[in-house]
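Take a look at the letters that make up each chain.
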Amino acid sequence: MGQGPYTPVEAPLQDSDGEAAQFESYRARLRVFAARHIRERAAAEDVAQEAIARTLEALRDGRIRNPAAIGSYMFQTALRLCMHRSRSASREQRALQRFGSGSGEDSDESPLAGLISAEERSSVQGALGALPSDDRTLLELTYRDELDSEEIGRRLGVTAGAVCVRRHRAIRRLAKLLGVRKPSDRGLDE
Amino acid sequence: MSDVAKAMDCPSAGEREIVSVYLRGGLPEREARAFEEHYFQCERCAEAVEVGSKLREAFGKSPVVPVAPESRGLATWLPLAAAAVIAVVGYSVWQTTARQEAGPSVLRAVHPELDVKVVRSPQGGFEITWAPPPTAATYELEIFGADGTSLWKGESREPRVSIARDALPGSGARAMIQVEAFDAMHQTVAKSSPSLLEPSEERP
């Protein structure tokens, strides 16, 4: 192992249940990150799984000493996995084109459709319906109509700053209804 | 630091609009990448990204707008590339010390570059050093294989690390190295591009 002004980790940082819960909390952001970079749902799931497995392995091997560095390690791992997959996909596409089998164009169908299951989509719609109507309107204007805060503020007769604050609260309420709770969330809003 | 303090420390705590803009593909790529790096370390932003992506999909949209592939939009890309070349050339002229080697990292634009030097130790291992940024408090160093597999990761409070020869599988052949500097709040202040782990004086 290395020599220098650092010391190896002798013991795991957490028990395995704690590790598993903490690592699962990264899955959703890994999916979104990977989906944005490799444009394909199944591959995004694979990257998320692989990044979690590699980070967990690194943690257990003592290669991550500081728990605060887990997110950074996960990000770098996912980034490299995405770059590796993109390069492989490009090579494959070039080979297909060389042999006349490739379309040469990406499909216009959404390659990311189904990143969440139909059940989960239904659950989101149900949770949205359970929100106060002001919250629901604000989230629809933001995520369905893709309006910026200035425009939403004009329509609702409030300032853009107030829109940001209200949206933040609406997202928190929706997160609670959906059971999206991060390990470090305790104490933030109780 | 408490969770509340951490949340307050989040640069986007009062401005969650960045999440919806990111998900709909409205951020410049450099900012999008910086935000991604941030939300892997910020639970509040990660929560907003998760909920926002689910909302988009519930509204029948792609959960996140993918990065435009390099092969698409060449006509749009060329003027941008030309502008980037002009900017880079201008910057190089302005700088008195031109870099001889530029790595492929897209993150280089987000943080100042750390210049890493590698030399062989008398025992056959590696002595790795870099110039310390003024605000750096700790460093993380990672060595990974050509396939992206992490081979070794360590931390240091000093701008140097020694790695024994037997610490790396296969003697570290074709391994890459990357160093990241953090301030006292564990925010990134500089980062090196991934580069081959080989003695600097042997580089062409």
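Counting starts from 1 at the beginning of each chain's written sequence and moves along it residue by residue. All chains are assigned letters beginning at A, and all ligands numbers beginning at 1, according to the order in which they are written. Thresholds applied to this predicted model are a pLDDT of at least 70 for local features of residues and 80 or more for the giving and counting of side-chain atom pairs; totals over whole chains, interfaces and linings are not thresholded and use all residues. The side-chain values count all of the structure's non-hydrogen atoms but skip hydrogen atoms and water molecules.

Colleague: Quick rundown of the confidence of the model for chain A? Include the residues and the values.
Modeller: Residue and element names in this part refer to chain A. By definition, pLDDT measures how confident the predictor is in each residue, and it falls between 0 and 100. The predicted model of chain A averages 77 in pLDDT, with 69% of residues at 70 or higher. Only DSSP runs of H or I covering at least 4 residues are called helices, and only runs of E covering at least 2 are called strands; the numbering of each starts at the N terminus. Here helix α1 (residues 16-24) stands out as the least confident element of chain A, with mean pLDDT 70; helix α6 (residues 133-144) is the most confident, with 95. Throughout, a contact is declared for two residues whenever any of their heavy atoms are within 4.5 Å. Low pLDDT, under 50, characterises residues 1-14; the predicted model gives this stretch 33 contacts beyond four residues in sequence or across chains. Overall, residues 185-190 carries pLDDT values under 50, and its contacts beyond four positions in sequence, including any with other chains, amount to 14 contacts.

Colleague: Just give me the short version of the state of the cysteines, but keep the residues and values in it.
Modeller: Residues and elements named next belong to chain B. In plain terms, two cysteine sulfur atoms within 2.5 Å form what is called a disulfide here. This model, assessed by the stated rule, comprises zero disulfides over all chains. We note that C42 lacks a disulfide partner, and the nearest cysteine sulfur, in C45, lies 3.7 Å from it. Among the residues examined, C45 registers a relative accessible area of 0% and is labelled buried. When a residue's accessible area, from a 1.4 Å probe over protein chains only, is under 20% of the maximum for its type it is buried; when over 50% it is exposed; and in between it is partly exposed.

Colleague: With reference to specific residues and values, describe the packing of aromatic side chains.
Modeller: Residues and elements named next belong to chain A. Paired rings are identified among Phe, Tyr and Trp, the last through its six-membered ring, by centres lying within 6.5 Å, and are further divided according to the angle between planes into stacked (under 30 degrees), edge-to-face (over 60) and tilted (the rest). Inspection of every chain in the model, using the stated rule, returns eight aromatic pairs over all chains. Measuring from centroid to centroid gives 5.6 Å for F33 and F75, while their planes differ by 65°, and the two rings are edge-to-face. Linking F33 in helix α2 (residues 27-38) with F75 in helix α4 (residues 70-98), this pair joins segments that are 42 residues apart in sequence. Each member of the pair, F33 as well as F75, carries the same accessibility label: buried.

Colleague: How would you explain the sheet that holds strand β5 (residues 160-163) of chain B if you had to name every residue and give the values?
Modeller: Residues and elements named next belong to chain B. The criterion for strand pairing is that DSSP finds at least two bridges linking the strands in question. Pairing is antiparallel in the open sheet, where three strands are placed in the order β1-β2-β5. Edge positions in the sheet fall to β1 (116-120) and β5, since each has one partner strand and no second. On average, adjacent strands in this sheet sit at an angle of 15° to one another, irrespective of strand direction. Examined bridge by bridge, strand β2 (residues 126-130) and β5 share four bridges and lie antiparallel to one another. Along β5, the bridge assignment pairs T129 with R160. Only the stretch in contact is used when fitting a helix axis, every axis being a line fitted to C-alpha atoms; angles between N-to-C directions are given from 0 to 180 degrees.

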